[in-house]
Amino acid sequence: MRRLEEPGRRPAATPCGCAKPTLETGNLLTEPIGYLDSCFSVKNGTPRQPSICSYSRASLRIRKSIFNNPEHSLMGLEHFSHVWILFVFHKNGHLSYKAKVQPPRLNGAKTGVFSTRSPHRPNAIGLTLAKLEKVEEFVHLLGGVIYLSGIDMIHGTPVLDIKPYIADYDSPQNLMESLGDLNMQNDQHKPKTVCQSDGKTNGCDQQQLSGYSTPQLYQSTKEKPKCSGDRASEESSLRHSDAAKDQQCLPQCGERAVDLSVEPKSHQSPNVADKHTGPQGLEKTLQEEDTDKRPRSEEGAPLVQGNSVGMQLRPRPSPARTRTADSTAPAWVREAPTAPLQVRFTPHAEVDLRQLSSADAGQPSFRYFQSAEEAKCAIEAVLSADPRSVYRRKLCQDRLFYFTVDIAHITCWFDDGFAEVLKIKLASEPVHTMDFKDP
Ligand SMILES: C[S@@+](CC[C@H](N)C(=O)[O-])C[C@H]1O[C@@H](n2cnc3c(N)ncnc32)[C@H](O)[C@@H]1O
């Protein structure tokens, strides 16, 4: 039986003295899901990033004690080509509270720890994108094993979690209507503004401050975000548009590369998309895969050498899978159970939104959004993707749906193929920028 609380670890107390559950405070007591068997035994010589050596190999046996039904934990993972591994830099000796570090590439110069991948960090947590070579299900009394390549972790590394790499979610190229698309269409290559504060005075250059001179996180801009009034129809038309036309089009800002799907190539299954770039340098492209020169088994699968792993790679089962230029994932991660919804605003809701964003009449204005248009885009994006739970969508379709974003409390309803915003009011508890303040 797992112990949830260790002696000595106390849940943090609230100002009123009551104990707060550890998850609420972020004081997580970690329990490694397994310890890595790695081809690297010591830090010295271990690649500094996974992309450096795609043949560096490791395996991870999942500890059975972690789950109630351990045999299920790896289910479905074999459909992904890459995984994120979250781990502890256990050979660092101690946690590091140095705010500046000297990454090797800076050749002796220092920079802030959060701008680096340094192993010396306050929580000693590492993040590696590795290629998933094989998944071995749980057998009898033994925990399941995953086999990885392209790793930068040493033997014995405690692993905290595994998450699938999903190009649609994890690659900035595939982000829909990112803030960058909305606000920075013309200054993509400009360095970001950095404010340096000595704690007493604001050390920002006045020019740089222009966007931050109010207490808001963001200040309104005059720039109108390019937010399509009807994303749902845009998406579906893009999806179904003729391939030749698609191929001539390069994705514009705000468009999703994923939507410009090309006709599947003859060797691909129909739901395979060959569009995304992904973990660079980690995986071979489709073409390269065919010219792989590694030793092969009789079945044609590349044979992996290496004593700790000693495995033979088999072609993974490929049910409905979506393939990007560099990674694969099961099709379900891209195929939402429902088509994107059209989003409408009643005239009343439009007025509400304008009122909410008007800075006059003592009305608080948005803290995160830069304008009413941006707020509208955000609301559209949220609703278009149908934020309802499956239960609500299937069994309580006629219920009003509420959510809060920034200072806006939104009331809407759904029907076949659309969501309609009925009312937008000032939220009684707007989303705060900081829930936990420094003491
Ligand atoms: C620069 S870190 C990057 C790790 C990860 N990709 C990240 O960005 O969080 C990689 C280096 O950490 C060191 N390292 C790997 N595993 C470690 C462990 N378990 N404890 C301490 N250091 C480790 C090795 O020297 C390796 O070269």
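Rules used in this analysis
- Residues numbered from 1 in each chain as written.
- Predicted model: local features only at pLDDT ≥ 70, side-chain atom pairs only at ≥ 80, totals over all residues.
- Heavy atoms only, no water.
- Near = heavy atom within 4 Å.
- Polar contact = N/O pair within 3.5 Å; in protein donor to acceptor, adjacent residues only side chain to side chain.
- Areas by Shrake-Rupley, 256 points an atom, 1.4 Å probe, with all protein chains shown as cover.
- Helix = DSSP H or I, 4+ residues; strand = E, 2+ residues; numbered from the N terminus.
- Buried < 20%, exposed > 50% of the residue type's maximum accessible area, 1.4 Å probe, protein only.
- Pairing = 2+ DSSP bridges.
- Axes fitted to C-alpha atoms, helices over the stretch in contact; angles between N-to-C directions.
- Contact = heavy atoms within 4.5 Å.
- Arc of directions from axis to C-beta.
- Salt bridge = Lys/Arg side-chain N within 4 Å of Asp/Glu carboxyl O.

S.K.: I keep staring at the site of the ligand and nothing clicks. Help me out?
M.R.: In the neighbourhood of the ligand, 21 residues make up the surrounding shell, with Thr46, His90, Arg117, Asp152 and Thr157 lying closest. One nitrogen or oxygen atom from the side chain of arginine 117 is found 2.8 Å from an oxygen atom belonging to the ligand. One of the side-chain nitrogen or oxygen atoms of aspartate 152 is found 2.6 Å away from a nitrogen atom of the ligand. Taking 590 Å² as the accessible area of the ligand by itself, protein coverage stands at 93%.

S.K.: Even after reading the chapter, I still don't get unusual backbone geometry, so can you show me in this structure?
M.R.: Most peptide bonds take the trans form, and the phi angle of most residues other than glycine is negative. Despite not being glycine, alanine 124 has its phi angle at roughly 45°, a positive value. Of note in this structure, aspartate 386 is not a glycine but carries a positive phi near 50°. With respect to the secondary-structure elements, aspartate 386 resides in the loop between α8 (372-384) and α9 (390-395). Exposure remark for aspartate 386: the relative accessible area of 9% places this residue in the buried category.

S.K.: Any chance you could explain the sheet that holds strand β3 (residues 82-88) here in plain terms?
M.R.: Working definition: the strands of a sheet are paired by backbone hydrogen bonds and lie parallel or antiparallel to each other. Taking strand neighbours around the barrel as the criterion, the six strands line up as β1-β2-β7-β6-β3-β8 in a closed arrangement whose pairing is antiparallel. Strand-to-strand twist across the sheet, computed as the mean angle between neighbouring axes with direction ignored, equals 45°. Of the strand pairs in this sheet, strand β1 (residues 34-38) and strand β2 (residues 57-61) are connected by three bridges, and their pairing is antiparallel. Of the residues in β2, the one forming a bridge with serine 38 is alanine 58.

S.K.: Where do I start with the side chain of serine 38 in this structure?
M.R.: Position of serine 38 among the secondary structure elements: in strand β1. We classify serine 38 as buried; its relative accessible area is 8%. Within the structure, serine 38 has its side chain in polar contact with the backbone nitrogen of phenylalanine 40 (distance 3.0 Å). Among all residues touching serine 38, those that are not within four sequence positions of it are Arg57, Ala58, Ile151, Met153, Ile154 and His155.

S.K.: Mind showing me how you'd approach helix α7 (residues 347-357) here?
M.R.: Each full turn of the α-helix corresponds to 3.6 residues, which orients residues three or four apart in the same direction. Along α7, the residues classified as buried are Ala349, Asp352, Leu353 and Leu356. Across the axial projection of α7, the buried residues extend over an arc of 95°, all falling on one side. Along α7, the residues that are exposed and aim more than 90 degrees away from the buried face are Pro347 and Arg354. Taken together, the buried residues of α7 touch β11 (342-345), α8, β13 (408-415) and β14 (418-426).

S.K.: Explain the pattern of salt bridges to me, please; I cannot follow it from the model alone.
M.R.: Note that side chains of opposite charge can pair when their charged atoms are close. Throughout the structure, instances matching the rule amount to six salt bridges. With a closest N to O distance of 2.8 Å, arginine 388 and aspartate 386 form a salt bridge. Of the two residues examined, arginine 388 and aspartate 386, each falls in the buried class. Taken together, the shared-partner salt bridges in this structure form one network comprising Asp386, Arg388 and Arg393.

S.K.: Is there a simple way to explain the pairing of strand β12 (residues 401-405) in this structure?
M.R.: Consecutive residues of a regular strand have side chains that alternate between opposite faces of the sheet. Side chains Phe401, Phe403 and Val405 project from β12 onto a buried face, and the interleaved Tyr402 and Thr404 project onto a face without burial. The pairing of β12 with β13 spans five bridges and is classified as antiparallel. Residue pairing for β13: valine 405 is matched across the bridge by alanine 408. Connecting β12 to the antiparallel partner β13 that follows it, the hairpin turn spans two residues, and aspartate 406 within it adopts a positive phi of roughly 55°.

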